[in-house]
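Read off the chains here:
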Amino acid sequence: MVKFSKQFEGQLVPEWKEAFVDYCKLKKEIKKIHFLNNLDTNSKQPKASFPHTIISSLRKYTFLEHNQRDHGAIHVHRKLAASDSKGDMYETELLEQFADTDAAVEFFACLDHQLNKVNQFFRTKEKEFVERGDSLRNQMEILIELKTVLQQKLGKGPSSAEESKEDDSVSGTISCDEEVSEQGMENSSDEVDKLGAEFSDSPRSGEVGKPCKLKKQDRKMRSFSDRTVSCRGKNLRIHIPLTNPTRTFSAISYLLWDDLVNQSSKKCGVDGNKLHINKKKLHHAEKMIRGAFIELYKGLGYLKTYRNLNMLAFVKILKKFDKVTNKQVLPIYLKVVESSYFNSSDKVLKLADEVEELFVKHFADDNKRKAMKYLKPAQKEESHSVTFFIGLFTGCFIALFMGYIIMAHITGMYRPKSDAMYMETVYPVLSIFNLLFLHLFLYGCNMVMWRKTRINYNFIFEQPQTKELKHNDVFLICTTSMAAVIGVMFVHLSLVSKGYSYAQVQAIPGLLLLAFIIVLVCPLNIMYKSSRYCFLSVIRNIVLSPLYKVVMLDFYMADQLCSQVPMLRDLENIACYYITGSYKTQDYQYCMRTTYYRDLAYAVSFLPYYWRAMQCARRWFDEGHTSHLVNLGKYVSAMVAAGAKVAYEKEKSAGWLCLVVVVSSIATLYQLYWDFVKDWGLLQLNSKNPWLRDELMLRKKFIYYISMGLNLILRLAWLQSVFHYNFGRVDYRITMLFLAALEVVRRGQWNFYRLENEHLNNAGKFRAVKTVPLPFHEVDDQD
């Protein structure tokens with residue numbers, strides 16, 4: 001049977017951990033009382049006779065019963081709060097003599113502190129969610145009114161029946177984008193048709209409330225903004241964040257077109273003070289509001305969990321106290337807990353019901369079951385058969401890998417005087433898969449550690465729990481894929497060793513690579529389609545930087561690509577080899593003889609750093625924090641170091657060598673500082689943990705010191721690429737693969753500490769749900 005402390009630890013909201021009852025601390029206080037009671041019992045020797053002991057016990061029991069009937073063992077004082085924001089405070093007074101009064105006083109002082117802390121946190125979060133609910137209710141009313149005006153405008157057209165049919169799509173559900181995780185609510189393509197409606201200054205007949213009218217144009221290019229509209233007696237601006245290229249170009253084209261319209265209207269003597277609100281903008285606003293409703297409902301669910309777990313923790317700890325002290329404290333203190341604010345307030349339940357009702361009505365076509373799929377998504381269950389297949393394919397992989405190594409050793413493929421054709425055309429394919437699935441395997445290990453240390457990586461990555469990959473799924477993908485790769489390579493090497501020419505078997509590695517690409521883009525709902533398409537969308541966001549708004553998953557994946565530069569260069573080399581048809585003539589040096597290809601090969605070394613630098617520039621543009629510009633400088637220094645290495649490879653002189661060493665050293669120091677201080681949050685001078693930080697997820701501190709030293713050593717791996725040390729009879733390509741694998745390993749450990757620091761930042765701000773921006777913003781009249 002699992003202990004309650006383990007269950008409590010496993011079910012609490014990770015970001016609110018510090019706000020929960022400190023059950024372990026209270027248990028320690030009870031153990032202290034129990035230990036002192038045992039010492040007191042052992043020190044007393046029984047001197048009375050048996051009958052006298054019975055009489056004394058009866059008297060003691062009668063006295064206790066009479067005492068408890070009068071006033072009980074304790075009395076909890078309630079101090080009224082000076083303001084509603086602070087809440088009432090509780091303080092316990094002992095009315096009976098305990099075996100160790102000092103220890104009991106300390107226990108109740110700690111218990112009172114926990115109760116006051118829980119009440120205060122619950123009150124704060126409840127107020128936050130209630131205010132968010134009021135804002136969403138107002139946003140929903142504005143959206144409904146704008147839709148009503150748009151419907152009335154469309155209803156005046158010649159084909160009102162047909163447009164009325166299209167008008168149903170305005171109020172229907174739509175698919176999500178970056179602001180809201182993709183939920184699968186999809187409608188037809190006419191959802192984005194630009195059917196405009198003009199809101200003039202004159203009111204319309206039959207319109208409810210005050211009319212929506214134009215005030216002024218907003219030129220802020222960080223959002224897809226319209227002119228200001230007067231609606232419901234307030235001056236509002238529609239604010240749609242520029243999260244993708246479509247919105248960016250739409251905002252630019254809108255402003256340009258609006259200027260042309262205004263100028264032409266003024267020349268013709270026509271009032272250009274009109275605003276176009278089309279379906280596309282309302283759909284974006286609706287998606288933002290729907291996402292905000294989902295996050296609010298999730299937060300209310302967390303608050304319910306917070307209430308239930310804390311209530312259960314108080315019951316459990318009071319039972320333990322009664323058992324140790326033989327007192328009847330539970331009924332007395334439990335009444336206080338039950339009547340306290342966090343357990344007696346019903347605002348959360350009412351708000352949750354209201355949010356559910358609004359969501360069902362406006363976003364699920366009055367279908368409650370459909371709404372619950374998005375408000376309460378069922379978590380993906382782990383299958384026990386997955387573990388079996390992991391073991392099966394791991395065994396196959398090990399067997400095939402050993403067979404491949406033996407055959408490669410017999411044929412002498414990996415020696416310095418090896419088959420150049422094989423090492424230049426086939427071995428890079430194997431290197432690509434080795435580095436890729438090593439990286440994926442380490443990500444699975446990170447997932448295991450994140451779950452073990454209660455790091456909420458799904459919330460950090462903003463991934464829906466219904467579509468996330470479990471660590472078992474990641475390991476299954478690694479083992480099956482590598483078993484297939486090694487199996488194909490084993491067959492290819494067997495055919496080569498039996499005397500088949502390269503012209504007959506050289507297409508096999510290329511077909512293997514093509515098969516994996518086809519599986520990656522396969523539109524069928526097989527082989528983790530949602531995860532594959534999520535990966536492709538993130539790659540698209542990275543490649544098109546800075547046109548897309550940067551989220552955590554985007555720059556996290558871009559950092560991974562910075563550690564996969566050797567894999568990208570091998571991929572480019574193999575792509576050129578097969579696309580140009582060089583595999584038919586076995587001319588593997590054709591690409592290297594081509595000037596534009598050599599330049600493209602060097603450009604690949606810069607691309608990951610360029611993408612990451614563009615992401616930093618976009619984040620600075622969106623958020624305005626200068627730290628993003630400093631981070632951009634880190635990637636610029638990496639590009640300068642890579643450029644110096646390229647120049648040194650073309651002209652190996654002492655001057656270029658010194659420049660490479662100097663520039664690379666500066667870039668390495670820059671990267672190390674950012675790793676330790678910014679990404680990992682370590683090296684805090686005033687920390688209670690020397691050279692670390694105050695909050696640590698791992699109990700053993702020496703692991704952090706080892707990781708810092710290992711990160712320092714692996715950051716210096718570039719020295720091998722400059723000085724080209726020889727390791728006996730091993731082919732230099734094997735050495736380069738080994739160094740590339742070390743960089744992947746370094747990135748794997750970097751990933752854990754990076755998300756640990758992000759999780760601690762969220763926990764420090766008690767941020768457990770995403771804050772979705774709202775589309776309608778009130779502005780001053782003077783604007």
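Residues numbered from 1 in each chain as written. Predicted model: local features only at pLDDT ≥ 70, side-chain atom pairs only at ≥ 80, totals over all residues. Heavy atoms only, no water.

**Points about the overall build of the chain**
- Scanning the chain from N- to C-terminus turns up 29 helices and 8 strands.
- Within the chain, the fraction of its 783 residues that count as buried is 47%.
- Per element, the accessible surface of the chain, about 40500 Å² overall, is 60% carbon and sulfur. (Helix = DSSP H or I, 4+ residues; strand = E, 2+ residues; numbered from the N terminus. Buried < 20%, exposed > 50% of the residue type's maximum accessible area, 1.4 Å probe, protein only. Areas by Shrake-Rupley, 256 points an atom, 1.4 Å probe, with all protein chains shown as cover.)

**Focus: helix 11 (residues 368–375)**
- Restricting attention to buried positions, one finds in helix 11 the residues A371, M372, Y374 and L375. Angular distribution of buried residues about the axis of helix 11 spans 160 degrees; they occupy a single face of the element. Across helix 11 from its buried face, at more than 90 degrees, point the exposed residues R369 and K373.
- With a side-chain oxygen lying 3.2 Å from the backbone nitrogen of R369, the N-terminal cap of helix 11 falls on N367. (Arc of directions from axis to C-beta. Polar contact = N/O pair within 3.5 Å; in protein donor to acceptor, adjacent residues only side chain to side chain.)

**Re the confidence of the model for the chain**
- In the predicted model, the chain carries a mean pLDDT of 79, and the fraction of residues at 70 or more is 74%.
- Counting interchain partners and residues more than four positions distant, the pLDDT-below-50 stretch residues 213–226 has 65 contacts.
- Residue range residues 266–275 is modelled with pLDDT below 50. Its contacts to residues more than four positions away, or to other chains, number 20 contacts. (pLDDT = per-residue confidence, 0-100. Contact = heavy atoms within 4.5 Å.)

**Here we look at the nonpolar core**
- Counting residues in hydrophobic clusters, the biggest one holds 81 residues, and the most contacted among them are W16, F107, F108, L111, Y306 and Y333.
- With near-sequence residues (within four places) excluded, Y333 lies in contact with I74, V76, T92, F108, L111, D112, L115 and L318. (Core = buried A, V, L, I, M, F, W, Y, C linked by side-chain atoms within 4.5 Å.)

**Remarks on the pattern of salt bridges**
- The final tally for this structure, using the stated rule, is 24 salt bridges.
- Note that K125 is salt-bridged to E128, the shortest N-O span being 3.3 Å. Here E128 and K125 lie together in helix 4 (residues 101–155), a separation of 3 residues that amounts to about one turn.
- Among the residues examined, K125 registers a relative accessible area of 8% and is labelled buried.
- Through salt bridges with shared partners, a single network forms among D675, R715, E743 and R746. (Salt bridge = Lys/Arg side-chain N within 4 Å of Asp/Glu carboxyl O.)

**So, the state of the cysteines**
- Tallied over the full model, the rule gives 1 disulfide.
- Two residues share a disulfide in this structure: C576 and C591, whose sulfurs sit 1.9 Å from each other. Taking the sign of the torsion about the S-S bond as the criterion, the disulfide between C576 and C591, at about -100 degrees, is left-handed. Residue C576 is located in helix 21 (residues 565–579), and its partner C591 is located in helix 23 (residues 590–593); the two are separated by 15 residues in the primary sequence. The same class applies to C576 as to C591, namely buried. (Disulfide = S-S within 2.5 Å.)

**A few points about a positive patch on the surface**
- Residues K3, K6, K28, K31, K316, K319, K320, K323 and R699 make up a contiguous surface patch of positive charge.
- Looking at the positive patch, the elements with two or more residues in it are helix 2 (23–43) and helix 7 (279–325).
- By residue number, the principal contributor to the positive patch is helix 7, which donates 4 residues.
- By the element assignment, K316 lies in helix 7.
- Note on K316: relative accessible area 34%, which makes it partly exposed. (Patch = residues over 30% accessible without salt bridge, like charges linked within 9 Å, V, L, I, M, F, W, Y side chains within 5 Å. Lys, Arg positive; Asp, Glu negative; His and termini not counted. Charge placed at Lys NZ, Arg CZ, Asp CG, Glu CD.)

**What to know about the side chain of Q564**
- By the element assignment, Q564 lies in the loop between helix 20 (552–562) and helix 21.
- Judged by its relative accessible area of 4%, Q564 is buried.
- Those residues in contact with Q564, other than ones at most four positions away along the chain, are L435, L436, H439 and V744.

**A few points about a negative patch on the surface**
- On the surface, a cluster of negative charge is made up of E18, D22, D694 and E695.
- Of note, E18 is situated in the loop between helix 1 (4–11) and helix 2.

**Let's talk about the packing of helix 24 (residues 595–623) against helix 25 (residues 626–650)**
- Contact geometry for helix 24 and helix 25: axes closest at 8 Å, N-to-C directions at 165 degrees. Relative to helix 25, the element helix 24 is oriented roughly antiparallel. The two elements helix 24 and helix 25 cross, and the hand of that crossing is left-handed.
- Grouping the amino acids of the contact of helix 24 with helix 25 by side-chain chemistry returns 15 nonpolar, 4 polar and 5 charged. (Axes fitted to C-alpha atoms, helices over the stretch in contact; angles between N-to-C directions. Parallel < 35°, antiparallel > 145°, perpendicular 65-115°, else oblique. Left-handed = near helix turned anticlockwise from the far one by under 90°. Nonpolar A, V, L, I, M, F, W, Y, C, P; charged D, E, K, R; others polar.)

**Here we look at the packing of helix 10 (residues 347–363) against helix 11**
- Helix 11 packs onto helix 10 with a crossing angle of 115 degrees between their chain directions and a minimal axis gap of 9 Å. For the pair helix 10 and helix 11, the sense of crossing is right-handed. Every residue of helix 11 that contacts helix 10 at E356, F359 and V360 is listed here: K368, A371, M372, Y374 and L375.

**What about the environment of I405?**
- In this fold, I405 is placed in helix 12 (residues 384–411).
- For the pair formed by I405 and F490, sequence separation is 85 residues and the distance between their alpha carbons is 9.0 Å.

**Examining the packing of aromatic side chains**
- Scanning the model with the defined rule gives 32 aromatic pairs in all.
- For the pair Y577 and Y578, a centre-to-centre distance of 5.1 Å together with 85 degrees between the ring planes defines the contact as edge-to-face.
- Taking relative accessible area as the criterion, Y578 reaches 16% and is therefore assigned buried.
- Both rings, one in Y578 and one in Y583, keep their centres 5.2 Å apart while their planes meet at 35 degrees; by these two values the pair is tilted.
- Taking the relative accessible area as the measure of exposure, Y583 reaches 22% and is therefore partly exposed.
- In textbook terms, an aromatic cluster arises when at least three aromatic residues are bridged by ring pairs, as seen for F4, F8, W16, F20, Y23, F121, Y302, Y306 and F766. (Phe/Tyr/Trp six-rings, centres within 6.5 Å; stacked < 30°, edge-to-face > 60°.)

**Remarks on a nonpolar patch on the surface**
- A grouping of L511, L514, I517, I518 and V521 is seen on the molecular surface, where their side chains present a nonpolar patch of about 450 Å² in accessible area.
- Positionally, L514 belongs in helix 18 (residues 507–521).

**Thoughts on the side chain of E286**
- Counting through the fold element by element, E286 comes out in helix 7.
- Reaching out from E286, the side chain makes a polar contact with the side chain of K147 at a distance of 3.2 Å.

**Regarding the environment of I455**
- The topology assignment puts I455 in the loop between helix 14 (427–452) and helix 15 (457–461).
- Discounting residues that sit within four places of it in the chain, I455 has contacts with W450, I460, M697, F752, L755, E756 and H759.

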